[in-house]
Each structure stands twice: as structure tokens, then as C-alpha cells.
There are 2 protein chains.
Amino acid sequence: MLFRQLFDQSTWTYTYLIADLGTKEAVLVDPVIEQVERDLKLIHELGLTLRYCLETHIHADHVTGTGKLRSLTGCQGVVPENTHATCADRFIKDGEVLQVGDVQIQAIATPGHTDSHHAYLVNNDRVLTGDALFIRGCGRTDFQSGNAGTMYDSVTQRLFTLLDQTLVYPGHDYRGHTVSTIGEEKRWNPRFVERIGETSSLRNRQSYIELMSSLNLPNPKKIMEAVPANERCGNFATLT
Amino acid sequence: MLFRQLFDQSTWTYTYLIADLGTKEAVLVDPVIEQVERDLKLIHELGLTLRYCLETHIHADHVTGTGKLRSLTGCQGVVPENTHATCADRFIKDGEVLQVGDVQIQAIATPGHTDSHHAYLVNNDRVLTGDALFIRGCGRTDFQSGNAGTMYDSVTQRLFTLLDQTLVYPGHDYRGHTVSTIGEEKRWNPRFVERIGETSSLRNRQSYIELMSSLNLPNPKKIMEAVPANERCGNFATLT
């Protein structure tokens, strides 16, 4: 398997390029419209064929590159089921596997940041957590049908039950971390874990809900353009 | 082996945390002073003991975290031989191995960006290229005893002779790439390779020198403070 983490500095977004080295089939997860040229260049240089653009959810902070990539390459756009997207080629649901050559990408429903957010377990040893679980943090739960209690359940009952050594590749990072593990987050993520000295224990659901409701975060700068554009797979033209 | 790539957004610098999981001994390569708190927190959370801070060269774009980390942890500061550093605990030279538990970090002299720049081959399967080889680029050669001809020789005769599958982890990246391979750079790096259609051939030495002399890059913003501070391992106090 080829696995590349790519970064958009202006929105701190990670895009992931995953490919099977036998068939040379590739998938881009959470592409960013401003980085389409970079991503296509890399795909060409690596001799890959883009089969799918896969979204963890409808993003509020950046416009997806999916529409542009689809028109340039003929790839399919894949989004989680129940996503308000008018233009997806395929909807994926909890437990379903997207097969790319010999690479298996299994969807895990992880609502909370949005109501249809999914994470993706890749070849059973790494998980793309999107905006559910971040490294020592998590996505916000205060808009786009977000719900803190649902997020707590998604992270603690779905993601934290993966093997401790599972690598965690998030949708964003704001502190320059690139990767973590489930074991680390279960021990050190301050949103989900309370620590007294050297011991850690899972924060209870109500305490997490109260923590999330106290964050008072500003809206993402691009939310007014990003959400409607992403519901059209990043196709601006259809907005006018 | 534990291997973590960490990123400083303000200077696009990659720092690498490498550790042996048996002994829990760790080394930080090219730490950034503003990120010392982040790096120490991660080292603590992973249960590691910092043995070394290792520099690829004296940086002109950021102040090293080595001095601060050394005073906080008692780790050793390691720099390449012939580096103008007044405070290193150890100098490393071409071919020498820094052992961290079972992890081997072998120095490869790669002058050109500076006259004493070294790259580091980690466990024979990944190379930290510092400011010699970037992903589809390379470090500049126009100050700090830089020399384009020497850089050409370092990259083509030392780094490009590593196995094609060797992973390339650079000291900086400005386009959101995180990793590459020697094989990719030998085929697609526009500084060292000329392409006609789908065929690529190594640019000749004179052509590379002319390319590098035509770049006309502005000086790094922090050069006036970074170079003298780094020659003192990031200890500002000794400058006054």
C-alpha cells in the first residue's frame, strides 16, 4: 500500500492519498479545492489512477476538491450515507468496505461533529478519524447537526475500541502533530480523559458534554461558502 | 522503533522524534525553540527519555530548541563535525552511527546548503535529508558557505545512491508534502532532473549550478538572530 499524508496550511487540513501498488488504483480522502493541482501532480508522478474521492463528512472549514477532481479525472465521489450531498456517485455506510485494489477501507459511523460523519479504517492498522478524534483533541459539536453526547459515544464506543496500536490520522491538526495511536488518545486526550497524577480515567459523558458546551469557538472563516459548496461536491458553478 | 514527524507552521520546519521502544531512549532531530513545550509534552506522554538533540546543520530560518531542551532534560547536543557551534556535547562525522537503543542513525555528509550539513539514515530504510534534498526541491546554496556544485555532488553521489524505496523525510516542506522516496526524487525532482515527455535524465552539474544561481531568493526572516543563536545551540543569554 502507498499511504501519503498531505497538508493544507491555510485550513490545517490533512488529505490522504491511499493506493494499491499492484493495480495502481488510488483514493483521495478529504481533498481541498486549492490543493487539487498539487494532488493531481503527485498522482500522475506516482503513476496512479484516481478511482475515488472519499469524504469523512461535509466540511465547514474548506471547500472539497472532489467536484474538480471528478471532472478532471472521472473518479467517483463517495460520501457517508445520509449526507446532504446532491452530487455523490456513491454513499457508504457503517461497516461497508471501499475496495481499492487489495486495500480495504472500512467505514465506521462516528456521528457527533456532524450527524453523518464517518471514520475509515484502512487495512485494519490505521484509522482516518476525520473531525471526530483529533490528536489530543476532537472536532467541535456545536453546529451542522453536531451533538456532544453522540460524539462521546462515537469516540468512546467505536474509535476507542480499536486496537491500542492502531495509528490515528486525523482530518486536522493545529499543533504540528501528524499521527498518534488509539492507545495514546485513550490515555492522553484531554477531551475524553481526566488525569490525576499519573493515572487516567475516561471522563464521563455528562462531563464531556459540559466541556464541549463551554468552548465558545468562533465559526470557521469559510463556513458560509464551504457548507453549501460541499453539499454540491465543491461545484461552485451550481451555486449561481 | 517509534518515528514521529512534527511540524512548525511558522517556518515550515519538520522536527523528527525517533525512539527505541525497548529502552525508551529518544532523539529529536532539528528541534525548533518555539515548539520545545510541545515536544517535551509528547516525549513525557510517550514515556521516553530524551538522550540527544541532533542537528542536520546550523539553521538560518529558525532557532534550535537544543539549548533549552538540554537545560531542561540533560540531553546531549549533537552536531556535524566542523560545524561552528560553541556548545555541542558531541560532533558526528560521515559514516558514524548514533545509537539510540536498537535504533541506528548513520550520518551522511551532504555539504552544499552549508559546508558541514549532514543527512541521517535511520535503520537503513528512511533518510532525514535536512536542507539538502527536499520533496521536489532542495535547500538553497547561496549563503552560509553554501556551494551549488558541492550540493549537486552530495545529492547525486550520496543521497541518490541510496535504495530507491528509501523514504525521504526533509527538513522543510512548503507545499504540504510530508514524505517521498529516493526513487521519486531521482525521477521527478525538477532541481536535479530534466524531463522530456515521459523520460527523465539527471541534469548535468553546470546546469544545476546555473539554475541555483538564478533563484534570487530573499533571506530568511530570522537569519540575523538564528545563525548566531544556533552557533550557541539556541542559548540567547550568551549573546548579550
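Definitions and limits used
Counting restarts for each chain: residues are numbered from 1 in the order of the written sequence. Both sets of labels track the order of writing: A upward for chains, 1 upward for ligands. Reporting in this predicted model follows two pLDDT cut-offs: at least 70 for local features of residues, and 80 or more for side-chain atom pairs to be given and counted; totals over whole chains, interfaces and linings ignore these cut-offs and use all residues. Water and hydrogen atoms were dropped before computing side-chain values, which therefore reflect all heavy atoms in the structure. UniProt positions are given in the numbering used here, feature names are shortened, and annotations may be inferred rather than shown by experiment. The atoms used to superpose the copies are C-alpha atoms, taken from residues with pLDDT of at least 70 in both, and the fit is least squares. Throughout, a contact is declared for two residues whenever any of their heavy atoms are within 4.5 Å. In this scheme, strands are said to pair when DSSP sees at least two bridges between them. In DSSP terms, a helix is any run of H or I states spanning at least four residues, a strand is any run of E spanning at least two, and both are numbered starting from the N terminus. Inter-axis angles, ranging from 0 to 180 degrees, are taken between N-to-C directions of lines fitted to C-alpha atoms, where helices are fitted over the stretch in contact. Throughout this description, buried means an accessible area under 20% of the type-specific maximum (1.4 Å probe, protein chains only), exposed means over 50%, and partly exposed covers the range between. By construction, the arc corresponds to the directions joining the helix axis to the C-beta atoms.

Going by an unreviewed UniProt entry, chain A carries the name Hydroxyacylglutathione hydrolase and comes from Fischerella thermalis JSC-11. In its Cofactor (unreviewed entry) section, UniProt records this for chain A: "Fe(2+)". Of the comments in the UniProt record for chain A, the one headed Sequence similarities (unreviewed entry) reads "Belongs to the metallo-beta-lactamase superfamily. Glyoxalase II family."

Engineer: Let's hear about the relation of the copies chain B and chain A: which residues, and what values?
Structural biologist: With an RMSD of 0.0 Å, the operation that places chain B on chain A is a rotation of 180° combined with a shift of 0.0 Å along the axis. Here the symmetry operator amounts to a two-fold rotation axis. When each C-alpha of chain B is compared by its distance to the rotation axis, B:Gln9 comes out closest, at 3.8 Å. When the interface residues of chain B are mapped onto chain A, 100% of them are again interface residues, pointing to one common binding face.

Engineer: Kindly report on the sheet that holds strand β8 (residues 103-109) of chain A, identifying the contributing residues and their values.
Structural biologist: Residue and element names in this part refer to chain A. One open sheet accounts for 6 strands, arranged β7-β8-β9-β10-β13-β14; its pairing is mixed. Looking at strand neighbours, the two that pair on one side only are β7 (97-100) and β14 (180-181), the edges of this open sheet. Across the face of the sheet, helix α3 (residues 148-159) comes into contact with β8, β9 (118-122) and β10 (126-130) while running at roughly 135° to β8.

Engineer: So, helix α2 (residues 66-73) of chain A: which residues are in play, and what are the values?
Structural biologist: Residues and elements named next belong to chain A. Of the residues making up α2, those classed as buried are Thr-66, Gly-67 and Leu-69. Along α2, the residues classed as buried sweep out an arc of 165° about the axis, all on the same side. Exposed residues on α2 whose side chains face more than 90 degrees from its buried face are Ser-71 and Leu-72. Structurally, α2 contributes buried residues whose contacts are with β3 (25-29), α1 (36-45), β4 (49-54) and β5 (76-80). Two residues or fewer after α2 comes Gly-74, characterised by a positive phi angle close to 80°.

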